[in-house]
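# Structural overview
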Amino acid sequence: MRKQRERLFRDRRDAGRVLAGLLAHYRDRDDVVVLALPRGGVPVAYEVAQALHAPLDVFLVRKLGLPRQPELAMGALASGGVVVLNDDVVRQARVDEQTIRRVTEQEQKELLRRERAYRGAAHMTDVADKTVVLVDDGLATGASTRAAVRALRQLRPARLVVAVPTAPPSTCRELAREVDEMVCASTPRDFIAVGGSYVNFGQTTDDEVRSLLRGAEGTPVADTTTAVLRGDAVPAPGGVLSDEVLFDLVGDAGLVLIGEASHGTHEFYAARAAMTRRLVEEKGFRAVAVEADWPDAYRVNRYVRGHGDDRDAEQALRGFERFPAWMWRNTDVVEFVTWLRGHNERASEQVGFYGLDLYSLHRSAAEVVAYLEGVDPQAAARARERYSCLEHGEDGRSYARAAAFGAGDDCEQRVVEQLVELCTSMPSAALPDDERFHAERNAQLVRSAEEYYRTMFGGRVSSWNLRDRHMAETLEALREHLDTKIVVWAHNSHLGDARATEFATRGELNVGQLVRERFPDDCRLIGFTTYTGTVTAADDWGGPADRKRVRPALPGSVEEQLHEVGGDFALAFPTAPRGARVLRTSRLERAIGVIYRPHTERHSHYFRARPADQFDAVIHVDRTTALEPLERTPRWDRGDLPESYPHAV
């Protein structure tokens, strides 16, 4: 901590010049950003930024007061949508999540209004991996600065420096423990108030703040594209849309498709779960359909509805054994399934959990036979005989290889016969309606999966199209059966409209396209993007889960363009017409599935797309972290070592 004992400043600009002298070791460094706490901190920070030749921006902090004691802070909200809670106050006052959310949204509106008043269309400067110099005109208790420091830490600066012209010695010492460097230009022994260290301590106006921000040397000037996107962006801390934005976007739609840019990113899963909870609680959604095999997801469905033998969510997810198990056996899904079980125990209308995918060829065949055993043992014997043609190895890929060489040429006809018999000949009241529907979907899955695996080694686009058609048909059948609104979770590549991507030129379609064609006014498509971070993925199909570093997005990509906007935010295109025009041009877009190969990233993970036509909204989480598998391994814990990280494609 660096400080001088006492000094009287002429005004804030004079104080800023003195402070800049104490910060001279940061001059002419391209990793330094100066942030001011408005309004009084801006004239001080202006002089610091001028002297250091560094960009200047403001960092706002709003207190989150208790509803009945607004003077008592239960936390703070800061620029970038960062929320810091005082756990002791929240616990002692017994504040629930809904109250915290309501107060945060109220203060967020005011914070956003003030930011726009100061910055106009510009968005907050990105501070990740930067040296941040946080400046105010002085400290008394340091409460606001301490909240700002804790919020800034969540934006991952490389180094955090707090610099003030004046403060009590005790406040400087206490705050020094929370930052990398504390600079106090003056520490009066008989400190009474910040204004006591100034000859002229008049109020700083909003006009003065705007003028200083415009005139600050080194402040980046946003290009037209970035400025437009900043103007239309709405905060989405951690990837979560506020209730106001989410509900306005969804409206009365009955199908909300929420994507992900990878199958191994914590923020995508957590944000998707958080928004789904709000749609369940407030908008009447009663089903979640996911990119997972039907029988495995149906085991979870039984658990969340209070049926079956599973003791907890972790056990209910043990059906997900096929690679990649971490896609559903992870801490975020356990948390959501646990919540869903609790919700259903309290709610008058339960919410189900279902799978859309078709990989479970043998498992679904076994489920059909098991169902028939309880209804008609003779029918079960016929099903067992028909499905015997599938017995080439233990998984669908083994059947695919055998089928490629002509094995089981009559299998297609046999699985179709079984599907027809089940749907038309079995007594409708034999078992509960849900169980019959479960059996019919498994029989349909066997029919689709047999065709899918039979075409897998044919080098045809149709295998992709077969899979997505099956998922879309399953979704439509589920909607008709349940007669409810449904949230869908799957990868962006399935849920973003394929007609807006280069894959359309190859004849490929996907779930998003099919849903839009079938329900044009009753669906919403939401995609995610990220710039860098870590991800859980494998090197090859069937390989172990690794915690890998995600390379910064390629130049010319939509991810790089959104990174320039800064922070975590969303563009809801129906209410962001300028941003939609910008993102209606074709750009590179990244997709990471269960395999990530950074050395061949351009070839392996990028394609061209028009994001504003692909989705109704895009949520950008600038820096993301790897999904945590339930079965963590030493390899995953170790992750990529910095020295092994590739520096060129």
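Please refer to the structure placed before this passage.
So, a few notes on the structure that sits alongside this text. Just so it is clear, the structure is predicted and the values come from calculations on it, not from any experiment. (Residues numbered from 1 in each chain as written. Predicted model: local features only at pLDDT ≥ 70, side-chain atom pairs only at ≥ 80, totals over all residues. Heavy atoms only, no water.)

### Focus on the overall build of the protein
Within the protein, the regular secondary structure consists of 26 helices and 20 strands. A compact globule built from 649 residues should have a C-alpha radius of gyration of about 26 Å, and the protein, at 28 Å, falls within 12% of that. In terms of its C-alpha atoms, the protein occupies a principal-axis envelope of roughly 95 × 50 × 45 Å. Counting across all 649 residues of the protein, residues that qualify as buried make up 58%. The long-range share in the protein, meaning contacts at least 24 apart out of those at least 6 apart in sequence, stands at 75%. With an accessible surface of roughly 27,000 Å², the protein has 46% of that area assigned to carbon and sulfur atoms. When the 87 positive and 99 negative side-chain charges of the protein are each reduced to one mean point, those points stand 5 Å apart. (Helix = DSSP H or I, 4+ residues; strand = E, 2+ residues; numbered from the N terminus. Rg over C-alpha atoms; globule rule 2.2 N^0.38 Å. Buried < 20%, exposed > 50% of the residue type's maximum accessible area, 1.4 Å probe, protein only. Contact = heavy atoms within 4.5 Å. Areas by Shrake-Rupley, 256 points an atom, 1.4 Å probe, with all protein chains shown as cover. Lys, Arg positive; Asp, Glu negative; His and termini not counted. Charge placed at Lys NZ, Arg CZ, Asp CG, Glu CD.)

### Re the packing of aromatic side chains
Across all of its chains, the model carries 15 aromatic pairs by this definition. Centre to centre, the rings of Y198 and F201 are 4.9 Å apart; their planes meet at 35 degrees, and the pair counts as tilted. Judged by relative accessible area, which is 6%, Y198 ranks as buried. Centre to centre, the rings of F320 and W328 are 6.3 Å apart; their planes meet at 40 degrees, and the pair counts as tilted. What links up through ring pairs into an aromatic cluster is the set W294, Y298, Y354 and F437. The ring of F201 is capped by R12, whose NZ or CZ atom sits 4.2 Å from the centre of that ring. Its end group placed over the ring of Y269, R272 keeps NZ or CZ at 4.8 Å from the ring centre. (Phe/Tyr/Trp six-rings, centres within 6.5 Å; stacked < 30°, edge-to-face > 60°. Lys NZ or Arg CZ within 6 Å of the ring centre and 35° of its normal.)

### Some points on the nonpolar core
Grouped together as the largest cluster of nonpolar side chains are 63 residues, with contacts concentrated most on Y387, L390 and L583. If you look at the next biggest cluster of nonpolar residues, it comprises 57 residues, including F353, I619, L627 and W636. (Core = buried A, V, L, I, M, F, W, Y, C linked by side-chain atoms within 4.5 Å.)

### A look at the state of the cysteines
What the rule picks out here adds up to 2 disulfides. With a sulfur-sulfur separation of 2.1 Å, C172 is cross-linked through a disulfide to C184. On the sign convention where negative is left-handed, the bridge of C172 and C184, at about -115 degrees about the S-S bond, is left-handed. On the criterion of sequence distance, the pair formed by C172 in helix α6 (residues 169–176) and C184 in strand β9 (residues 181–186) is long-range, its members being 12 residues apart. The exposure class assigned to C172 is buried, which follows from its relative accessible area of 0%. Here C389 engages in a disulfide with C411; their sulfurs sit 1.9 Å apart. Measuring the twist about the S-S bond at about 70 degrees, one finds the C389-C411 disulfide to be right-handed. With C389 in the loop between α15 (377–387) and α16 (396–404) and C411 in helix α17 (residues 411–425), this pair connects stretches of sequence that are 22 residues apart. Neither C389 nor C411 differs from the other in exposure class; each is buried. Taken in sequence order, the bonded cysteines of the protein link in the pattern 1-2, 3-4. (Disulfide = S-S within 2.5 Å.)

### Here's the deal with the pattern of salt bridges
Counted by the stated rule, this structure contains 55 salt bridges. As a salt-bridge pair, D357 and R467 come within 2.7 Å of each other at their nearest N and O atoms. You can see D357 sitting in strand β13 (residues 352–357) and its partner R467 sitting in helix α19 (residues 462–482), a full 110 residues away along the chain. Residue D357 shares its accessibility class with R467, and that shared class is buried. For R386, the salt bridge is made with E417, and the minimal N-O distance between the two is 3.8 Å. With R386 in helix α15 and E417 in helix α17, this pair connects stretches of sequence that are 31 residues apart. With relative accessibility at 14%, the residue R386 sits in the buried group. Note on E417: relative accessible area 35%, which makes it partly exposed. (Salt bridge = Lys/Arg side-chain N within 4 Å of Asp/Glu carboxyl O.)

### Some points on the side chain of D332
Looking at the element boundaries, D332 is found in helix α13 (residues 331–346). Despite its burial, D332 pairs with no opposite charge, the nearest such side chain being R277 at 8.2 Å. A distance of 2.9 Å separates polar atoms of two side chains, one belonging to D332 and the other to H266. Among all residues touching D332, those that are not within four sequence positions of it are H266, Y269, A270 and L627. (Polar contact = N/O pair within 3.5 Å; in protein donor to acceptor, adjacent residues only side chain to side chain.)

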